[in-house]
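# Architecture and fold: a report
Listed below are the residues making up each chain.
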Amino acid sequence: MNFKTKLGLGVLAFFTLIAVIGEWIAPYDPSAMGDDLLSPPSGAHWFGTTMTGQDIFSQVLVGTRGVMVVGLVCGVLATFLSILVGVTAGFLGGAADEALSMLSNVFLVIPALPLIIIVASMLPSADTVLIAAVISLTAWAWGARVLRAQTMSLRRRDFVEAARASGERTWRIIVFEVLPNLTAVIASGFVGTVIFAVMLQITLSFVGVVSLSTWNWGTILFWAQSNQALGQGAWWWFVPAGLCIALLGTALALINFGIDEYANPRLRKVRA
Amino acid sequence: MTFLLRRALFYLVTLWAAITMNFLLPRLLPGDPVQAMITKLGGRLNSDAMASLYVLFGLDEQKSIWAQYVDYWAALLRGDLGLSFTFFPTPVADVLSQSLPWTLGLVGVTTVIAFLLGTLLGVYAGWRRGSWLDSLIPVTTFLSSIPYFWLGLIAISVFSVTWPLLPASGGYAAGLVPEFSGEFIGSVLEHAVLPGVTIVVSSVAGWILGMRNMMVTVTAEDYVLVAKAKGLSQRRIMFAYAARNAVLPSISGFALSLGFIVGGALLVEMVFSYPGLGYVLFQGIGAKDYPLMQGVFLVITLAVLVANLLADIGYLLLDPRTRREG
Amino acid sequence: MNEVALEAKGLVKTYKRVRAVQDVSIVLRRGRVTALVGESGSGKSTVAKLLARLVEPTSGEILLDGEKVRRVREYRRKVQMVFQDPFASLNPVHTIRYHLTRPLKIHKRPETVEQLLERVNLPADFASRYPYELSGGQRQRVAIARALAAHPEVLLADEPVSMLDVSIRLGVLNLLLDLKERLKLAVLYITHDIASARYFADETFVMYGGQIVEGGDSETVTQRPAHPYTQLLIESAPDPERSVIALDAPPEETGEVSAGCRFAPRCPKVQSRCWTDAPPRTEIDSSGHWAACWLYVEAV
C-alpha cells in the first residue's frame, strides 16, 4: 500500500470517527442561537458564527454523520444493485444482457441531478435515509456497466467452465467463482458510489430540496448562501464545510486509485 | 451506419424513458403539490392553462392512466409544458426557450474546453509518467473533489467581493438590452468568465486522470513499442500511435459522464444567477414550480442526448473499426 | 471387459453459419484411451465440450451406458473433463482444497482431499495452497484430481499436456494411463500431436473441418495412415516435440457448407468428384481401420 492510499484511509477514518462522536464533542448545540452574530473564527468559535450566532464548528461536527450515513447507505444499496444487474447481465448474456445493459445505460445517460431534485422536492418528507434510497436508484448504473464488462470476460474463462463441468449450479458459479474475482472492481465501484452520493446529497441540501431539520455540510452551505454570507464577506461560513467535502472526496478518490493500481499493475508508479 | 442507427435508437428509448418517468412521478408520489398551487392561484388561471396542468400532472382522476398518458404525449408534442408558477403567467416552454441558449453556450463551450484541455494534459502526464506532471494528479484530484457550486462560491468571494474584478451574477450587465452589439457581447463574455472557469477547473481533472491511465496502458502495447523501434519521433508516437488509441475510451466516457457534468454546470448557474436552465430550475425549486422543474428536466435530457449523438459521431470518425462494422 | 461407456451418435454443432462439428460419432470404452487428433479449428475441442455437455448439440445424441441421461448433474457425476490450460482452469481466488472439496460435496463422495491429492501423486500439504503457488504440471494434476473426485466413468482430456513443458508431459500422460488402468476409466484424449496419440491411445480418430476423416487402432492409423490428411499430419510432425506447423491454415471458406470433401482445397491427391460429393466412410482392412476418402472407394 502506497502513501497516497494510506493518506486516503487515514482521512476517511478521521471523518468516520467524527461521524460517530461529533455530536458529543461539539462545543455548542448547532441550532442554538447565540449573541455573537456573524463573528469571524475565534477561540470561542473556531469556525466563527452564523447570522443568528450559531456555532459553525459544531454544525460541521454534527453534520458529518448525515454525510457519512448517506454515503454508506448509498454505497451499500447501489453496489448491491450494480452487482445484481451487472453480473447477471454479463453472466447470462443474450436477451437478458441486452435488456439489462439498456436499462443501466438509460440511467447513465439521463441527467441525475435534475431528476433527483424533482423527486426530492415532490416527497412530502425528504429525510436522510429516504434521500439515500433515491440517490442509490440513480447511482448503480456506472458500477453495473463496469461489472458487466468484467463478468463477460470472466464468463468464458476455463475455471468457470470447469466449475460447470464439475456440476456446480449457476448461482453458485456466479457467487463463489465469478464474484470473488471481481473484488477489486466492486470495491472501487463502492468507493466511487460513495463519492457520488455524498456530493449529490450535499448538493441537494445546498439547493434546498431536502429537509433542513438535520444538519449536514450541505445545509450549512444552504444557510450561508440564503443569508448572503458571500456579500457580507463571511467566508468562514462556507469555507469549512466546503473544505471538508473536498477532503473527504479526495480521500475516497485516493483510496480508489490504490484499488485501481492494485488491480491494474501497469498504473503502478515506475520505480527507478 | 448501423452503429449510429443503433445509438440513435437507444437515445430514443432513453428519451421515452425520461418522458415516461416525468409522466409517472407526480402520479406515483404522494401529495398533490400542483393542486395546492392551482387552488392558491385561484381565478388567475384561465381554463386552457388549467386544462393543460390537469393533463400534465394527472389531476383528472376520472380518466384511465392510459388515456392520461396519451393526453400527456399530445400536450408534449404540441410543445405545451404548462404554465410556470414562478414566472406566472408565462408558459414553461417560453421560459425554457429563453434560458436554453445561455446554458448551451456556457456549458457547451466549457465542457468542450475542459475535455480538450484535460485530454491534452492527460496525454502528456501518461506519456511522461513519473515527471512533474504526475505530481499534479493529487492536486487535480482535490480540485475535482470540490463540489462545482462551492468552487463557484469561492470564486465569487475572491474575484467579485475581495477583489471586484469580475461580475458575480447575471448573464450580462443590468441596463443592457440583448442585441448584436460589441458592448452587449463584451458584457456577456465578461459575465461568462467566472462561471466558465469554475466549470472547467472542476471538470478538467476527470479527463486528465482518465486519459493519463489510458495512455499508461496503451504505451505498453506492442504497436507503440514497434513505433519506438522504428525510430519515429516521440511526438509522432505520442499523438499518432498512443493518444489516438487512448482517446477512444475517453470519448465514450465523455458521452456517459455528460449527464453528470451538466448537473454540475446547472449548479454553477445557480450560484452565479446565470440566466440559464440551472438558475431557472433553482427558482422553480423555491416556488415548488413543478411544471417548470419537469420542463427543465426534459430539455436537459434532450440536450444531453443530442450531445451524446454528436460524441458518437466523433467516435465513429476516430475509430475505423466501428466504421467498417457499420 | 471393454464395454461401451459413452457413445455419441451423429453430433452436429452449428455456430451461426459455421458448422463447427459435422456428424461426429464416437465410442468410448472402459479401460481404453481414444485419441481425437486434429489441428486447431478442426472442431475437436467442441467435441469435448459437447461430450461434457458444456455445449448443447444442434442435433445428434449422447448415450451414457446405453441411456440418454436427462439430468445434467447425474451425467456430470459420470463424465468429467480436464481442460487444456491449467493456468486458466483453476480459480485464482480459491485454494486447492476448495477446488477438490466442491466436487466431493456435489457428488456426495466419501473420499478426502488428501486421498485425491495422493492419487495424482501430490503431497497432502498442497491442499492449503493457491493455484499461483503451483507449477503448470502440478496444477494439471490438481485438475485431474478434481475430475476424479466425482468418481467418473469417463474422463475427457482436452489437450491435457499441450500447455506444459515438454519435460513433464510424459509424467502427466503416464499418470492418466495409470489412473485409467486402476479406475477402469474410459478416456478421450484430445490432441494436435498425432505422435503422442500413438504412444498413449488404443484407438485414434483424426478430425478435419468438423468431421472425423479416419479411425482405427492407434498403431495402424499412425503407421499406415490412409487419409491424405493424416498422411500430411504425420509427415509434418515427425517427432513428438514438434507440433503441426507445415500445413497451411485451412481456407476460411471451408467452414461454410460445401457439397464435397472438406479437405479437397488442400488435398494433394484431389480428384474431380472430391469437389462435388462427400466421401463415404470406407473400410480399409478387417482390423476396423477406416477412412472417409474417395481413394479407397474404388479399391473396395
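What this report covers is the structure whose coordinates are included nearby. Only a predicted model underlies this, so the values are computations on that prediction, with no experimental measurement involved. (Residues numbered from 1 in each chain as written. Chains lettered and ligands numbered in written order. Predicted model: local features only at pLDDT ≥ 70, side-chain atom pairs only at ≥ 80, totals over all residues. Heavy atoms only, no water.)

Now for a nonpolar patch on the surface. On the surface, Leu302(B), Val306(B), Leu310(B), Ile313(B) and Leu317(B) cluster together into a nonpolar patch covering about 470 Å² of accessible area. Mapped onto the fold, Val306(B) is located in helix 12 (residues 290-318). (Patch = residues over 30% accessible without salt bridge, like charges linked within 9 Å, V, L, I, M, F, W, Y side chains within 5 Å. Areas by Shrake-Rupley, 256 points an atom, 1.4 Å probe, with all protein chains shown as cover. Salt bridge = Lys/Arg side-chain N within 4 Å of Asp/Glu carboxyl O. Helix = DSSP H or I, 4+ residues; strand = E, 2+ residues; numbered from the N terminus.)

What follows deals with unusual backbone geometry. One non-glycine residue, Asp23(C), adopts positive backbone phi at about 55°. Residue position: Asp23(C) is located in strand 2 (residues 18-29).

Below, the discussion takes up the interface of chain C and chain A. Every contact between the two is made by 21 residues of chain C and, on the other side, 15 residues of chain A. Each partner contributes to the roughly 1700 Å² buried at the junction of chain C and chain A, and carbon and sulfur atoms together form 48% of this total. When the shortest N-O distance is used, the salt bridge between Glu161(A) and Lys49(C) registers 3.8 Å. Taken together, the connections running from chain C to chain A amount to eleven residue pairs in polar contact (both at pLDDT 80 or more). By residue number, the principal contributor to the side of chain C that touches chain A is helix 3 (residues 96-106) of chain C, which donates four residues. Residues belonging to the side of chain C that touches chain A are distributed by class as follows: ten nonpolar, five polar and six charged. (Contact = heavy atoms within 4.5 Å. Buried area = accessible area lost by both parts, 1.4 Å probe. Polar contact = N/O pair within 3.5 Å; in protein donor to acceptor, adjacent residues only side chain to side chain. Nonpolar A, V, L, I, M, F, W, Y, C, P; charged D, E, K, R; others polar.)

Moving on: the pattern of salt bridges. A full pass over the atoms with the stated rule returns 23 salt bridges over all chains. Close ionic contact of Asp312(B) with Arg7(B) constitutes a salt bridge, the shortest N to O distance being 3.1 Å. A residue pair is termed long-range when its members are at least 10 positions apart, and Asp312(B) in helix 12 and Arg7(B) in helix 1 (residues 2-28) qualify at 305 residues. You can call Asp312(B) buried: its relative accessible area is 7%. In this structure, the salt-bridge partner of Glu114(C) is Arg97(C), at a minimum N-O distance of 3.4 Å. Highlighted residues: Glu114(C) in helix 4 (residues 113-119) and Arg97(C) in helix 3, separated in sequence by 17 residues. The exposure class of Glu114(C) is partly exposed, given its relative accessible area of 31%. A relative accessible area of 37% means that Arg97(C) is categorised as partly exposed. When salt bridges that share partners are traced, they join Glu3(C), Arg30(C), Asp65(C), Lys78(C) and Glu153(C) into one network. (Buried < 20%, exposed > 50% of the residue type's maximum accessible area, 1.4 Å probe, protein only.)

Every other side chain in a regular strand lies on the same face of the sheet, so the side chains alternate between the two faces. Residues and elements named next belong to chain C. With respect to burial, strand 6 (residues 154-158) is a largely interior element, five of its five residues being buried. Here strand 6 shows a buried face lined by Val154, Leu156 and Asp158 and a second buried face lined by Leu155 and Ala157. Two strands pair when backbone bridges link them, and strand 5 (residues 79-82) and strand 6 are joined in this way by four bridges, in the parallel orientation. Looking at strand 6, one finds that Met81 is bridged to Leu156. Across five bridges, the pairing between strand 6 and strand 7 (residues 186-191) is parallel. Bridged to Leu155 within strand 7 is Val187. The parallel pair strand 6 and strand 7 is bridged by helix 6 (residues 166-183), and the resulting crossover is right-handed. (Pairing = 2+ DSSP bridges. Right-handed = clockwise from strand over helix to strand, strands pointing away.)

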